[in-house]
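Geometric and topological summary
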Amino acid sequence: MSYTATNSKARNTTRKLFLWLIIGVLFLPFLPLLIWSFAQDWYFPQLVPQWTLEHWRTLLTASTKVAQGFGQSLAIALLSTGFSLLVGMPAGRALGLMDFPGKGAIKLFLLLPIIVSPLATLMGIQFMLIRLGLSGTLAGVVLVHLLPTIPYMTLVLSSVYANFDPDYEIQARSLGATSFQVLQQVTLPLIAPGVVVGALFAFLISWNEFLLTFFVGSGRVFTLPMVLFTALQGGNTGLTAAIAITSILPALVFLFFSSRALNNDAAIGGLGNV
Amino acid sequence: MSKDQGIREQEIRDQGLKHERSENSMSQDKTSHAKTSQDKISQDRMATDKTATDKTATDGVIQSQPAQTPFFCLQQLTKSFRGIPAVQDVWLEVKAGERLALLGPSGCGKSTTLQMIAGVLRPDAGQIFLEGRLLNQVQPEQRNMALVLQKGLLFPHLSVGENVAFGLKMRGMNRTEREQRAIAMLDQVQLGGFANRDPAELSGGQAQRVALARSLVIQPKILLLDEPLSALDASLRSSMQELILRLQEETGVTLIVVTHDQAEAVVISDRIALMFDGCLRQVDTPERLYQQPADEGVARFFGGVNFFCAEAESHKLTLPGGDVLTTAYPQQGPVQVTVRPERVHLLADQICGTNLLPVTIIQNRFTGTLRHLSLKTAAGLNLQSWVPPSLNFTVGQTAFAHLPPDALWSWPLPANSSASKRATSMRIRQKSEGHRSTSASKEY
């Protein structure tokens, strides 16, 4: 009894140590950013910078377009995530649970947008979107963001569904649940961790997308990565650092809230196929 | 006083019912000719009714006399997967409160049949009726049946209590009432106090009991069990069988159990529907399936080992070792005879004259509860006899095998394989003429 207790305690400490190591490696590069964003000027002979909140104050003014970019980025990322969920759920179910001819070919086809560089297809896409009048609109940007997000979402959800036993649905139906109740009360709660992983992927891909937004948005759709790009060109280190930190905030928030779901085998299983 | 009288009246009524019931079964036993032809008639009636059924399919009710409507029946149920037939032309009737086992080797179509009953699979042809209501187009959740699968399948995101209350919640029952019922049901399966546990904490047997409770709490008309005990170990299985029987008696629910284990089917059911290769072979009481199998396949499935050819002349069977008498229905010509090995008695001396065959013991195997003896007659007939371990015979010893007249069972022997089809149809004719009753409406 006491042996197992100490054993698990030791294992717990090791786990914690690893966790902090990972956090350290991941977050150490952000430390200079954090310092820059609060420093007046920070050049070589100085050991400690002169602290200021000026950059963060500038960030909140309209001239930097950070607020606008943040809002547009958020809207585009949420819309792309929503639409790719809408497509990815049934597609993932079909790929994960059903057997049909051409399944392998469809999986390969889904990987194409990931394999082929968007640069190769961008000219054609842009040409199409101009003709459709979608170039430079939010809808057009959401549409091109679906290009990488749908394959990721579908592949993640297909392996989530592959680990899901459809007999649960049969069981629920026979206990009196309608097909909608089955989806709401049984299927969704059981695949939720995987769905969270898929949504996280889609959100982050869309949030960080620069190239597609840059071309299709034609400068009229202004997302946070573009704000960051402009700031980088401007050469204001402090402001750039502040914008960079702002741009990773949603990902951190998302991760924090989904950490419980991620701490789950189904979620890890969802990553297996990617 | 008036209360007493009421009880007495109730008793008289019950007795009357019992009497009537026993009379019914008696008449069934004696005049199978009448019964089989009645079956035929009822089939014909159903065939003619079919058009009427189709007409009324929209409201799902047949307008026939309630006395003639069976509680639950399958008619001509057929299903194939990618051209391969899985269930062929299954006709079955189940009485209210009956325990029926769908028995057969794996891949015989019994699970497919159950899934069609539950509404999970759609039959290619045929009808399913519950209390006269056509179920073919009815969604599984509206069939008033509850399915328990082999794996138990407790919803892992719900607690044990929430699992049991699931069906009630789907029906829109309020929280306090469904919690009360779930807890009461858990008590009934001896898992009181488990309501707040996580399903992952339960053992296999406990999970299966929760699955049973979860299905019974919605008070289904029929409880469907698909191999409910095959994932459990032997000692747990018998206590689970007892629990299922007790719950069935307490609730009076109609039970349809799918199993591949003939021992389990015998213990758990009133009647067994034996399926081979997608077809019903014999639907009968467990006793009949043991003592009066329809053919060699059925007999072998139930552990029959003694088969020999004989020439029948009314009640007399001429075996290679001598003549024996049988109380089974009279036959003429070549027949195949079977006798259960546990019914073959072995005597050291010749005591009475009839149905005795002089034999030599050629093998003696002790199995713990029984002694399996292999016997051989002078004419070369091989026989198996299972006797109590207290009776000890030595190999090489001569003895007399007594084949009780009521233990001998026979069916006409097909002359050769090419003519077997003709022989089968002849057999059916003979059966409808002979004094034998198997309640399968369609066996071959």
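Residues numbered from 1 in each chain as written. Chains lettered and ligands numbered in written order. Predicted model: local features only at pLDDT ≥ 70, side-chain atom pairs only at ≥ 80, totals over all residues. Heavy atoms only, no water.

Turning our eyes to something else, we now look at the overall build of chain B. Check the secondary structure of chain B and you find 11 helices and 20 strands. By the burial criterion, 47% of the 444 residues in chain B qualify as buried. In chain B, once contacts between residues fewer than 6 apart in sequence are set aside, the share between residues at least 24 apart is 68%. (Helix = DSSP H or I, 4+ residues; strand = E, 2+ residues; numbered from the N terminus. Buried < 20%, exposed > 50% of the residue type's maximum accessible area, 1.4 Å probe, protein only. Contact = heavy atoms within 4.5 Å.)

Let us now look at the sheet that holds strand 19 (residues 398-402) of chain B. All names here are of chain B. Pairing is antiparallel across the open sheet formed by 5 strands, whose spatial order is 15-19-16-17-18. The outermost strands of the open sheet, each flanked by one partner alone, are strand 15 (345-347) and strand 18 (382-387). Going across the sheet, the axis of each strand differs from the next one's by a mean of 45°, ignoring polarity. (Pairing = 2+ DSSP bridges. Axes fitted to C-alpha atoms, helices over the stretch in contact; angles between N-to-C directions.)

Next up on the list: the environment of M153(A). Residues and elements named next belong to chain A. Here M153 is to be found in helix 7 (residues 138-162). Taking the relative accessible area as the measure of exposure, M153 reaches 0% and is therefore buried. A C-alpha to C-alpha distance of 8.3 Å links M153 and V195, two positions 42 residues apart in sequence.

Moving on: the pattern of salt bridges. Charged atoms that come close allow side chains of opposite charge to pair. As enumerated under the stated definition, the model contains 20 salt bridges over all chains in all. As a salt-bridge pair, E250(B) and R246(B) come within 2.7 Å of each other at their nearest N and O atoms. Remark: R246(B) and E250(B) occur in helix 7 (residues 234-251); sequence separation between them is 4 residues, near one turn of the helix. The shortest N-O distance in the salt bridge between E296(B) and R300(B) comes to 2.9 Å. Of this pair, E296(B) and R300(B) both sit in helix 10 (residues 296-301), 4 residues apart, which is roughly one turn of the helix. Residue class for E296(B) comes out partly exposed when judged on its relative accessible area of 25%. The exposure class assigned to R300(B) is partly exposed, which follows from its relative accessible area of 47%. Linked by salt bridges that have partners in common, D165(A), D167(A) and K151(B) make up one network. (Salt bridge = Lys/Arg side-chain N within 4 Å of Asp/Glu carboxyl O.)

Let us now look at helix 3 (residues 110-118) of chain B. Residue and element names in this part refer to chain B. Burial analysis of helix 3 places 7 of its 9 residues in the buried class, which makes it a mostly covered element. Among all positions in helix 3, only K110, T112, T113, L114, M116, I117 and A118 are buried. Following helix 3 by one or two positions, G119 adopts a phi angle in the positive range, close to 95°.

Right, let's get into the interface of chain A and chain B. Across the contact, 18 residues belong to chain A and 24 residues belong to chain B. Summing both partners gives a buried area of about 1,900 Å² for chain A against chain B, and 61% of it is carried by carbon and sulfur. Counting the surface chain A buries against chain B, the share from its top three residues, Q171(A), R173(A) and L175(A), is 34%. The interface formed by chain A and chain B holds 3 salt bridges in total. Residues E141(B) and R173(A) are paired through a salt bridge, measuring 2.6 Å at the closest nitrogen-oxygen approach. The interface formed by chain A and chain B contains 11 residue pairs in polar contact (both at pLDDT 80 or more). Put simply, the parts of the chain that give the side of chain A that touches chain B at least two residues each are helix 8 (167-174) and helix 9 (179-208) of chain A. For the side of chain A that touches chain B, the element with the most residues is helix 8 of chain A, which contributes 7 residues. (Buried area = accessible area lost by both parts, 1.4 Å probe. Polar contact = N/O pair within 3.5 Å; in protein donor to acceptor, adjacent residues only side chain to side chain.)

Residue and element names in this part refer to chain B. With a phi close to 50°, R82 is a non-glycine residue in the positive phi region. Mapped onto the fold, R82 is located in the loop between strand 1 (72-81) and strand 2 (84-94). Overall, R82 belongs to the exposed group, its relative accessible area being 82%. Here the phi dihedral of D89 falls at roughly 50°; this positive angle occurs in a residue that is not glycine.

What follows is about the side chain of R371(B). All names here are of chain B. Summarising the element assignment, R371 is placed in strand 17 (residues 371-377). There is no salt bridge for the buried R371, and the closest opposite charge comes from E342, which lies 15 Å off by N-O distance. Of the polar contacts made by the side chain of R371, one reaches the backbone oxygen of L391; its length is 3.3 Å. Discounting residues that sit within four places of it in the chain, R371 has contacts with N364, R365, F366, S385, W386, V387, P388, P389, L391 and N392. (Lys, Arg positive; Asp, Glu negative; His and termini not counted.)

So, on to the packing of aromatic side chains. For any pair of aromatic rings, the description consists of the separation of the ring centres together with the inter-plane angle of the planes. Applying the stated criterion to the full structure yields 16 aromatic pairs over all chains. Ring geometry for F70(A) and W207(A): centres 5.5 Å apart, planes at 80°, overall edge-to-face. Placement of F70(A) in helix 4 (residues 66-97) and of W207(A) in helix 9 is noted, with a sequence separation of 137 residues between them. Taking the centre distance of 5.8 Å and the plane angle of 75° together, the rings of F301(B) and F302(B) count as edge-to-face. F302(B) gets classed as buried once you look at its relative accessible area, which sits at 1%. Among the aromatic residues, those joined into a ring-pair cluster are Y161(A), F164(A), Y168(A), F155(B) and F166(B). For K65(A), the ring lying beneath its charged end belongs to F222(A), and the centroid distance is 4.9 Å. Over the aromatic face of F155(B) sits the side chain of R214(B), whose NZ or CZ is 4.8 Å from the ring centroid. (Phe/Tyr/Trp six-rings, centres within 6.5 Å; stacked < 30°, edge-to-face > 60°. Lys NZ or Arg CZ within 6 Å of the ring centre and 35° of its normal.)

Remember, this is a structural readout, not a statement about activity or role.
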